[in-house]
Amino acid sequence: MDISDEDYLWFAGRALDGMAAILAELGDDRANRRPPLPGANSPYVIVTHCLGVLEFWVGSLVAGRAVERDREAEFTASGPVDALIARVAAAKDRLRADLLVAESAAPPRAPAPVKYAGTPAGRSQGGALQHVYEELAQHHGQLELTRDLLR
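Residues numbered from 1 in each chain as written. Predicted model: local features only at pLDDT ≥ 70, side-chain atom pairs only at ≥ 80, totals over all residues. Heavy atoms only, no water.

(A) Local environment of the packing of helix α2 (residues 43–62) against helix α4 (residues 81–99). Two elements in contact, α2 and α4, have axes whose closest approach is 11 Å; the angle formed by their N-to-C orientations is 20°. Between α2 and α4, the crossing angle belongs to the class labelled roughly parallel. For the pair α2 and α4, the sense of crossing is left-handed. Touching Tyr-44, Val-47, Thr-48, Leu-51, Leu-54, Glu-55, Val-58, Gly-59 and Val-62 of α2 are Leu-84, Arg-87, Val-88, Ala-91, Arg-94, Leu-95 and Asp-98, all from α4. (Axes fitted to C-alpha atoms, helices over the stretch in contact; angles between N-to-C directions. Helix = DSSP H or I, 4+ residues; strand = E, 2+ residues; numbered from the N terminus. Parallel < 35°, antiparallel > 145°, perpendicular 65-115°, else oblique. Left-handed = near helix turned anticlockwise from the far one by under 90°. Contact = heavy atoms within 4.5 Å.)

Structural data, given as structure tokens:
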């Protein structure tokens, strides 16, 4: 089964645009707050993490770029919402460009994390792309709940 680049971008874009809209709705103060739950992340952290997922999995495993990711720093990130929304827009543009070189059935262009090496996410570029969408969709839902808690 194949999915066109445009269809993939539509699904991924819905999640990313939804996240950007939530950030804009919350504004700088609330987007940088963590809800009062053990281990909860702020909306800013959730979106920053999603951009890290996107850059690592698509940039490295699909497009073959050298990507240095500080995953731990994603979970302490904070800052102005407008800058993060601009990063989301840039990530969407980069995703569009990266999909031009994607070969769905081909092995990843860089090694997947050990945890994923033997899974569909780590065996093919298409699997890596599906994993990215999985992460975007689940974190978009998490962000919706986080927004509701912060209102």
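Once you've had a look at it, read on.
(B) Broad picture of the packing of aromatic side chains. Across all of its chains, the model carries four aromatic pairs by this definition. Their ring planes at 70° and their centres at 6.0 Å tell us that Phe-11 and Tyr-133 sit as a pair that is edge-to-face. Here Phe-11 is found in helix α1 (residues 5–31), whereas its partner Tyr-133 is found in helix α6 (residues 125–150), with 122 residues between them in sequence. Following the ring pairs from residue to residue traces out a cluster consisting of Trp-10, Phe-11 and Tyr-133. (Phe/Tyr/Trp six-rings, centres within 6.5 Å; stacked < 30°, edge-to-face > 60°.)

(C) Structural detail: the nonpolar core. Formed by 37 residues in total, the largest nonpolar core has its most connected members in Trp-57, Leu-95, Val-132 and Leu-136. Elements supplying a minimum of two residues to this core: α1, α2, α4 and α6. When residues in this core are grouped by element, the largest group, twelve residues, is from α2. The contact partners of Trp-57, leaving out residues within four places of it in the chain, are Val-62, Ala-112, Pro-113, Tyr-116, Ala-121, Ala-128, His-131 and Val-132. (Core = buried A, V, L, I, M, F, W, Y, C linked by side-chain atoms within 4.5 Å. Buried < 20%, exposed > 50% of the residue type's maximum accessible area, 1.4 Å probe, protein only.)

(D) Expanded view of the packing of α1 against α4. Following both chains from N to C, one finds α1 and α4 inclined at 170°, their axes separated by 8 Å at the closest point. Looking at the two axes, α1 sits roughly antiparallel to α4. Tallied by class, the residues present in the contact of α1 with α4 amount to 14 nonpolar, two polar and seven charged. (Nonpolar A, V, L, I, M, F, W, Y, C, P; charged D, E, K, R; others polar.)

(E) Region of interest: a nonpolar patch on the surface. Together, Ile-3, Trp-10 and Phe-11 line one region of the surface with nonpolar side chains, adding up to about 320 Å² of accessible area. Residue Phe-11 is classed as partly exposed on the basis of its relative accessible area of 37%. (Patch = residues over 30% accessible without salt bridge, like charges linked within 9 Å, V, L, I, M, F, W, Y side chains within 5 Å. Areas by Shrake-Rupley, 256 points an atom, 1.4 Å probe, with all protein chains shown as cover. Salt bridge = Lys/Arg side-chain N within 4 Å of Asp/Glu carboxyl O.)

(F) Expanded view of the side chain of His-131. Structurally, His-131 can be placed in helix α6. The exposure class assigned to His-131 is buried, which follows from its relative accessible area of 5%. With residues near it in sequence (within four places) discarded, His-131 still touches Trp-57, Tyr-116 and Ala-121.

(G) Up close: the environment of Arg-109. You can see Arg-109 is positioned in the loop between α4 and α5 (120–123). On a C-alpha basis, the gap between Arg-109 and Leu-61 in space is 4.8 Å, while along the polypeptide they are 48 residues apart. Of note is the side chain of Arg-109, whose polar atom sits 3.0 Å from the backbone oxygen of Val-101. A polar contact of 3.2 Å, which involves the side chain of Arg-109, links it to the side chain of Gln-125. (Polar contact = N/O pair within 3.5 Å; in protein donor to acceptor, adjacent residues only side chain to side chain.)

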